[in-house]
2 protein chains.
Amino acid sequence: MSSIHDVATYCGVSTATVSRALRGLPNVSRQTRELVQAAAAELGYVPSPSASGLSGGRHRAVAIVIPSTARWFYSKVIEGVDSVLRREGYDTFLVILAATLNDRERLFHNALLRKRADALIALGIDFTDEERRELRSVQMPAMIVGGAVRGVRSVGLDDGAVGRAATEHLLGLGHTRIGHIGGHTEYGMQHSVGEDRESAWRNALAAHGLQPPPHHHADGAFVVPQAKVAARSMLRSPDRPTAIFAGSDEMAFGALLAATELGLRVPEDLSVIGIDDHDWSDAFGLTTLRQQPFEQGRLAARTVLDELNGIPVPVRTTRAPFELVVRASTGPLGSAPAQAPAQDAPRSTPTAV
Amino acid sequence: MSSIHDVATYCGVSTATVSRALRGLPNVSRQTRELVQAAAAELGYVPSPSASGLSGGRHRAVAIVIPSTARWFYSKVIEGVDSVLRREGYDTFLVILAATLNDRERLFHNALLRKRADALIALGIDFTDEERRELRSVQMPAMIVGGAVRGVRSVGLDDGAVGRAATEHLLGLGHTRIGHIGGHTEYGMQHSVGEDRESAWRNALAAHGLQPPPHHHADGAFVVPQAKVAARSMLRSPDRPTAIFAGSDEMAFGALLAATELGLRVPEDLSVIGIDDHDWSDAFGLTTLRQQPFEQGRLAARTVLDELNGIPVPVRTTRAPFELVVRASTGPLGSAPAQAPAQDAPRSTPTAV
DNA sequence: GTGAAAGCGCTAACAT
DNA sequence: ATGTTAGCGCTTTCAC
């Protein structure tokens with residue numbers, strides 16, 4: 001494990017020159033730079049992040065704070081973030097923020113993050129007031145993906161707009177009994193996302209003079225199993241909805257499973273729409289509002305890197321794009337054919353609108 | 001951001017004493033230790049990992065090398081690893097090893113040499129000979145989850161045993177036309193897992209004098225969409241299998257979706273078994289062989305930490321436990337009832353065997 | 001364009 | 001039980 005010193009003596013220059021040459025700093029002759037680069041490659045030299053972190057204050061690492069890795073959205077954001085960080089020679093350092101308040105406090109209060117990471121990217125966290133304050137005053141560049149905090153840069157869907165679009169797609173098909181499976185997530189995780197989508201549903205219905213009965217709304221906790229349970233009870237009621245808007249594709253999957261189990265045909269007996277365009281949504285034939293968390297992650301990473309590089313970035317919330325993808329899970333009200341659909345029906349052909 | 005020096009002067013001792021006191025080292029009087037601890041808390045002191053990494057050689061971080069975060073197994077392992085690391089005050093560095101050979105080389109080299117991590121945990125990577133060599137000779141503790149490398153500690157299923165158990169469950173139900181959806185994954189990812197499960201399937205059938213026709217095997221690439229495609233073509237053949245053993249639950253989901261689409265009843269017309277006990281398997285009513293990646297991750301983390309703490313750990317492969325969980329997706333051959341199942345059928349009640 | 005020297009914040013001998 | 005003294009491997013003035 002050669003050090004900068006080895007490289008320096010190897011080519012008969014000072015360590016300072018090696019440092020400058022390798023980092024592409026000015027005031028190094030073309031000749032010297034090439035010499036140094038060759039030597040570094042030859043010796044398999046890799047700078048120690050600890051050393052440069054200590055001396056230069058740049059750790060070449062960013063922390064990504066998430067509630068869990070097991071959800072599609074998060075995992076995609078992580079991969080997006082990592083893809084750009086890696087290319088820039090930065091490391092990604094995972095902070096899984098369990099809902100344990102205790103743990104969280106330590107993480108945030110401590111300069112712990114500050115001493116190891118140059119920047120912070122947070123997802124799906126429902127920050128406490130204290131944390132918001134800290135976040136706003138952090139020394140390091142920070143960005144939030146999916147869910148805004150005043151004074152901090154962020155990128156994410158306009159949940160109101162998406163929720164409205166989803167509901168209106170169903171209304172446009174003639175549905176009036178439209179249920180909603182939402183996400184009041186576990187403690188400590190983002191609340192606003194689920195709430196905003198639910199409000200949008202309510203408002204869109206209200207705009208059409210509709211007011212859903214209480215049992216047309218249930219909590220799916222953003223996961224398949226609970227969404228399935230929620231959908232099942234909703235679909236068993238005598239005045240069951242003819243369409244369900246699920247707050248995420250995973251919850252929509254749960255609804256589809258419930259429908260299958262109850263012998264309901266989709267979309268003849270029940271239409272289902274979700275949000276995300278999960279990797280599996282096509283296989284489920286699910287109509288959804290596509291968003292691209294991988295790209296959101298990339299943007300977040302690029303943004304904090306820009307800031308680190310001294311490029312000014314306005315503090316603002318970037319609205320991530322979304323688009324309706326119509327598949328086989330939604331159809332006009334009363335489309336019920338007399339018999340089962342043909343086996344070759346192209347249930348999975350997406351149609352971007 | 002106070003340093004060790006601040007704490008030292010604050011309580012009138014040397015930095016060495018502070019260091020010793022805070023790390024629980026011997027040769028510090030109870031009094032002094034408490035004084036120092038109080039001062040540290042008071043000043044909000046947090047040791048800089050860069051500094052202690054540089055001087056002491058302990059970075060209090062471990063790197064976890066994975067092909068992707070988006071798969072259930074990986075995400076669970078990550079969470080397991082992180083849960084024990086965090087408790088011990090260690091950080092988790094993510095190294096997402098894209099299949100790009102070019103990139104990999106650099107990454108692997110760096111991950112090992114960069115000296116940012118004290119230990120290495122790798123999952124689902126199909127190491128090159130070069131990498132194996134490096135791994136074996138690494139300076140730092142290393143552990144592999146799911147898929148062994150000679151000379152490196154590892155934990156994972158006995159894929160042969162699991163594959164046999166799955167196939168035998170179906171054989172035991174009277175099935176003889178048993179298909180397999182396997183995983184020949186993308187370049188650079190673990191091959192042996194998919195291969196061993198497939199061999200086990202073949203061997204179990206052979207042991208019963210059965211030899212599956214070529215079209216009863218297809219590649220599902222360990223993901224839902226491709227598994228669905230694979231299952232669909234398999235199920236359309238005139239002599240379609242009456243049961244499918246999928247190499248993972250995600251692929252089994254794909255098979256179930258294909259069955260639904262083709263109007264096949266499960267388990268009357270088709271039985272399906274997977275491996276994993278994915279979080280959603282219960283919702284799908286999927287019979288499976290349960291493994292516990294979270295626990296495997298915990299074990300891996302504990303193992304490398306033990307090594308770091310000087311506790312001797314034999315170099316060996318630990319077989320992770322698995323158990324059959326029978327749900328509604330498998331049933332005896334020819335169990336076909338005349339009509340659709342009752343709506344209230346408890347499809348999801350698991351039965352651990 | 002390049003080098004010398006002074007740290008960054010900590011740990012690890014070696015003293016006392 | 002505690003303090004002193006060197007570094008760890010880099011970056012960064014400040015000279016030249």
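Owing to the predicted nature of the structure, the values given are computational and were not obtained by experimental measurement. (Residues numbered from 1 in each chain as written. Chains lettered and ligands numbered in written order. Predicted model: local features only at pLDDT ≥ 70, side-chain atom pairs only at ≥ 80, totals over all residues. Heavy atoms only, no water.)

Asks: Residue-level account of the relation of the copies chain B and chain A, with values.
Replies: Rotating chain B by 180° and translating it 0.1 Å along the rotation axis places it on chain A, where the RMSD comes to 0.3 Å. On this basis, the relationship between the two copies can be described by a two-fold rotation axis. Interface overlap between copies is the fraction of interface residues in one copy that are interface residues in the other; for chain B against chain A it reaches 94%, indicating a shared surface. (Least-squares fit on C-alpha atoms with pLDDT ≥ 70 in both. Contact = heavy atoms within 4.5 Å.)

Asks: Please provide a residue-by-residue account of the side chain of His278(A), values included.
Replies: Secondary-structure assignment places His278(A) in the loop between β9 (271–276) and α13 (281–284). Dropping the residues within four chain positions of it, His278(A) is found in contact with Trp72(A), Asp249(A), Glu250(A), Phe253(A) and Trp280(B). (Helix = DSSP H or I, 4+ residues; strand = E, 2+ residues; numbered from the N terminus.)

Asks: I'd like to hear about the protein's contact with DNA strand C, residue by residue, with values.
Replies: Of all residues adjacent to DNA strand C, which total 27 residues, the nearest are Thr32(A), Ile4(B), Ser19(B), Tyr45(B) and Ser55(B). Counting only the atoms of DNA strand C within 4 Å of the protein, the fraction contributed by sugar and phosphate is 73%. Contacts to DNA strand C include Ser48(B), whose backbone N or O atom sits 3.3 Å from a phosphate oxygen. Within the side chain of Ser55(B), a nitrogen or oxygen atom sits 2.6 Å from a sugar or linking oxygen of DNA strand C. For the surface near DNA strand C, the secondary-structure elements that each account for two or more residues are α2 (15–22) and α4 (49–56) of chain A together with α2 (15–22) and α4 (49–56) of chain B. Among the elements that make up the surface near DNA strand C, the one with the highest residue count is α4(B) (five residues). Counted by class, the surface near DNA strand C contains eleven nonpolar, 13 polar and three charged residues. (Near = heavy atom within 4 Å. Polar contact = N/O pair within 3.5 Å; in protein donor to acceptor, adjacent residues only side chain to side chain. Nonpolar A, V, L, I, M, F, W, Y, C, P; charged D, E, K, R; others polar.)

Asks: Account for the layout of surface pockets, naming residues and giving values.
Replies: Each pocket or cavity is described by its volume, and for the largest pocket that value is around 1,700 Å³. Around the largest pocket sit 49 residues that line it, and Val46(A), Pro47(A), Ser48(A), Arg60(A) and Arg114(B) are the ones nearest its centre. Counting residues per element, the ones that place at least two in the lining of the largest pocket are α2, α3 (30–43) and α4 of chain A together with α4, β2 (91–96) and α6 (101–113) of chain B. Ranked by the residues each element gives to the lining of the largest pocket, the list is headed by α6(B), at seven residues. Taken together, the residues that form the lining of the largest pocket break down as 22 nonpolar, 16 polar and eleven charged. (1 Å grid on protein atoms, 1.4 Å probe; cavity = no way out; pocket = protein on both sides within 12 Å on 5 of 7 lines; lining within 4 Å. Points joined across faces, edges and corners; volume = space filled by probe spheres on them.)

Asks: Go over the packing of aromatic side chains, please, and point to the residues and values.
Replies: Under the criterion given, the structure shown has nine aromatic pairs over all chains. On the numbers, 6.0 Å between centres and 55° between planes, the contact of Phe284(A) with Phe284(B) is tilted. With Phe284(A) in helix α13 and Phe284(B) in helix α12 (residues 281–284), this residue pair bridges two chains. Through pairs of rings, three or more aromatic residues link up here, namely Phe253(A), Trp280(A), Phe284(A), Phe253(B), Trp280(B) and Phe284(B). The ring of Phe93(A) carries the charged tip of Arg116(A) above its face, separated from the ring centre by 5.9 Å. (Phe/Tyr/Trp six-rings, centres within 6.5 Å; stacked < 30°, edge-to-face > 60°. Lys NZ or Arg CZ within 6 Å of the ring centre and 35° of its normal.)

Asks: Lay out the pairing of strand β4 (residues 142–145) of chain B with the relevant residues and their values.
Replies: Residues and elements named next belong to chain B. Taking every second residue as pointing to the same face, both faces of β4 are buried, with Ala142 and Ile144 on one and Met143 and Val145 on the other. Pairing of strand β3 (residues 119–123) with β4, which is carried by four bridges, proceeds in the parallel orientation. The residue of β4 that forms the bridge with isoleucine 121 is methionine 143. Crossover β3 to β4 through helix α7 (residues 129–137) is right-handed. Two strands pair when backbone bridges link them, and β4 and strand β5 (residues 153–156) are joined in this way by three bridges, in the parallel orientation. (Buried < 20%, exposed > 50% of the residue type's maximum accessible area, 1.4 Å probe, protein only. Pairing = 2+ DSSP bridges. Right-handed = clockwise from strand over helix to strand, strands pointing away.)

Asks: Tell me what's going on with the domain arrangement of chain A, and back it up with residues and numbers.
Replies: Per the domain assignment, the segments making up chain A are domain 1 (4–54), domain 2 (61–157 + 295–319) and domain 3 (159–291). A separation of 32 Å is found between the C-alpha centroids of domain 1 of chain A and domain 2 of chain A. (Domains from an automatic or database assignment.)

Asks: Which residues make up helix α9 (residues 192–207) of chain B, and what values go with them?
Replies: Residue and element names in this part refer to chain B. Taking 1.5 Å per residue, 16 residues should reach 22 Å; α9 reaches 22 Å between its end C-alpha atoms and fits that length. Residues of α9 that are buried include every one of Val193, Gly194, Arg197, Glu198, Ala200, Trp201, Ala204 and Leu205, and no others. Here the buried residues of α9 occupy an arc of 155° about the axis, which is enough to place them on one side. Along α9, the residues that are exposed and aim more than 90 degrees away from the buried face are Asn203 and Ala207. In this fold, the buried residues of α9 make contact with α8 (159–172), β6 (178–182), β7 (217–219), β8 (243–246) and β9 (271–276). Two residues or fewer after α9 comes glycine 209, characterised by a positive phi angle close to 70°. (Expected span 1.5 Å × (residues − 1). Arc of directions from axis to C-beta.)

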